[in-house]
Amino acid sequence: MKKKIAILPGDGIGREIASGAASALEAVGKRFGHEFELEYANIGGAAIDSDGTPLPDSTLALAKSSDAILLGAVGGPKWDSLPSAERPERGLLAIRKELGLFANLRPIPSFQKLVQSSPLKPEIAGNVNMLIVRELTGGLYFGKPSERRGENNDVVVDTLLYTREEIERIVVKAFEFAKSRDGRLTSVDKANVLESSRMWREIVNEKAADYPEVTVDHMYVDAAAMKLISSPGQFDVIVTENLFGDILSDEASMITGSLGMLPSASLSESGLGLYEPVHGSAPDIAGQNKANPLAMILSTALMLKYSLHLREEGEAIERAVQSVLNDGFCTPDLQMEGSTIVGTDQMIKLVTERIADDVPASADEVVYM
Ligand SMILES: NC(=O)c1ccc[n+]([C@@H]2O[C@H](COP(=O)([O-])OP(=O)(O)OC[C@H]3O[C@@H](n4cnc5c(N)ncnc54)[C@H](O)[C@@H]3O)[C@@H](O)[C@H]2O)c1
Ligand SMILES: CC(C)[C@H](C(=O)O)[C@@H](O)C(=O)O
Ligand SMILES: [Mg+2]
């Protein structure tokens, strides 16, 4: 089977970890007899430098003509002083909007082997398997007006806007995931203050009638932030609006132990998917061979499962990652007893070799989604 994959490395560690995705695909292709045609394009700061815009038309065209898209990360100090409409992050927001990638899935599992990496007590962090379903193309990120005003530019407005349809489709997506998992859905909002959250809650309650097998509860976002730390094991699927989901997923990464461990999938109604780590371009460690490439490699596994419908192949990557961690290898962002710290390149090599080797499933296997 031949599939075309767009790879958009972006900036900072995005460029270092993207090679992990390519190596993993090469190993999967060899072992399972698939041909992956990888085409690279710029996005973010790299695209500002090459084309003068964070999302060149050619990058968007490549993404649209591909079977799936892999993205590293965008942004960095070099472009931080640009006006907000010209920043690297705008390229990321624009590709999400242009491709209609409204459903961002961020699985948060605990790995037994990594339990020391979490600042939480092992009995709290050790038994978690949650999925954050984040709305990705609406809310404060896209509402207009969003501008500085007044004679001295000292008044500012951002707009949190959602249509009923936008909320319905993400809520339905979350119910579907909850139905196929543990049957528990937590909708996170701020309905004690925000009108948008009141409509969100109304829609969740309406849709609940179609999913009698799913138990629904509502939680205010401030309380949810606390519960993620005090009792993360209580969550199965969380559904929430764009900004709340952004913040809560970085917080939740500390349950697994590092931002460098969290992959994500962003899906459209047509089925096109973009896969990227939850983390950013990490300028503080870029170019030092210190970045954890596993979030990117695990995003590649999600791509195989959710866009290319190659579940066995995706699980082969997840199993290879697990096996490398079980043998005590980790990048500097992780902590394990008796571990061997390796760099980005070596971690990529270790995982790639084990994809080729067909490692057996381990007893504490983590399946991301
Ligand atoms: N999806 C994206 O492209 C994305 C996501 C978040 C932030 N950003 C951008 O990235 C830039 C830096 O933002 P930030 O520093 O707030 O967030 P960040 O996620 O880049 O980094 C936060 C911290 O986590 C560490 N970290 C992140 N990924 C890691 C990995 N794979 N391995 C080891 N350590 C890792 C970093 O070293 C840093 O200390 C900004 O320009 C921001 O806008 C982009
Ligand atoms: C870089 C930024 C625009 C982005 C977001 O806020 O969505 C990032 O933080 C993420 O989580 O993917
Ligand atoms: Mg974020």
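Here the structure is a predicted model, which is why all the values come from computation and not from measurement. Per-chain numbering applies: the sequence of each chain, read as written, is numbered from 1 onward. Chains carry letters from A onward and ligands carry numbers from 1 onward, assigned in written order. The predicted nature of this model means local features are confined to residues of pLDDT at least 70 and side-chain atom pairs, given and counted, to a pLDDT of 80 or more, with totals for whole chains, interfaces and linings taken over all residues.

Below, the discussion takes up the site of ligand 2. Contact assignment follows one rule, namely that a residue is near a molecule or strand if its backbone-placed C-beta atom lies within 6 Å of it. Near ligand 2, the surroundings consist of Gly75, Glu89, Leu92, Leu93, Asp246, Val278 and Gly280. Think of it this way: any DSSP run of H or I at least four residues long counts as a helix, any run of E at least two long counts as a strand, and we number them from the N terminus. The dominant element in the shell around ligand 2, judged by the number of residues it contributes, is helix α4 (residues 88-98), at three residues.

Take the nonpolar core next. Ranked by size, the top nonpolar core spans 103 residues in total, and within it Ile43, Val133 and Ala174 carry the most contacts. Each domain's limits were defined by an automated method or a database of domain assignments. In terms of domain composition, this core takes at least three residues from each of domain 1 (1-104 + 259-369) and domain 2 (119-256). Note on contacts: residues are paired as contacts if their backbone-placed C-beta atoms lie within 7 Å. Each residue touching Ala174, except ones within four places of it in the same chain, is listed here: Val133, Leu185, Val237 and Val239. Linking buried Ala, Val, Leu, Ile, Met, Phe, Trp, Tyr and Cys residues through C-beta atoms within 7 Å yields a set, and such a set is a nonpolar core. Around each residue's C-beta, the other C-beta atoms within 10 Å are counted; 20 or more make the residue buried, 12 or fewer make it exposed, and counts in between make it partly exposed. All C-beta atoms are placed from the backbone.

A few words on the UniProt feature "site: Important for catalysis" (unreviewed entry) in the protein. The feature "site: Important for catalysis" (unreviewed entry), as annotated in UniProt, sits at Tyr141 and Lys190 in this numbering. Its place among the elements puts Tyr141 in the loop between β5 (129-135) and β6 (143-149). Exposure remark for Tyr141: the 19 C-beta atoms within 10 Å place this residue in the partly exposed category. Mapping Lys190 onto the fold places it in the loop between β8 (184-189) and α7 (195-208). If we ignore the near neighbours within four places in the chain, the residues touching Lys190 are Ser197, Tyr220 and Val221. UniProt positions are given in the numbering used here, feature names are shortened, and annotations may be inferred rather than shown by experiment.

With that out of the way, let us pick up the sheet that holds strand β12 (residues 273-277). For two strands to be treated as a pair, DSSP must find at least two bridges joining them. A sheet is described by the order of its strands in space; here 10 strands give the open sequence β2-β1-β3-β12-β11-β4-β5-β10-β8-β9, paired in mixed fashion. Because the sheet does not close on itself, it has two edges, and the strands there are β2 (35-40) and β9 (215-220). Taking the axes of each pair of neighbouring strands and ignoring which way they run, one obtains an average angle of 25° across the sheet. Bridge count for strand β11 (residues 263-267) against β12 is five bridges, and the pairing is antiparallel. If you follow Leu267 over to β12, its bridge partner there is Gly273. Axis lines are fitted to C-alpha atoms, over the contacting stretch for helices. Their N-to-C directions set the angle, which ranges from 0 to 180 degrees.

A large share of β12 lies buried, amounting to five of its five residues. Alternating positions in β12 separate into two faces, Gly273, Tyr275 and Pro277 on one and Leu274 and Glu276 on the other, with burial throughout. Relative to β12, strand β3 (residues 68-73) runs parallel, the two sharing two bridges. Bridged to Leu70 within β12 is Tyr275. Between β11 and the antiparallel strand that follows it, β12, lie five residues; Gly271 among them carries a positive phi value of about 100°.

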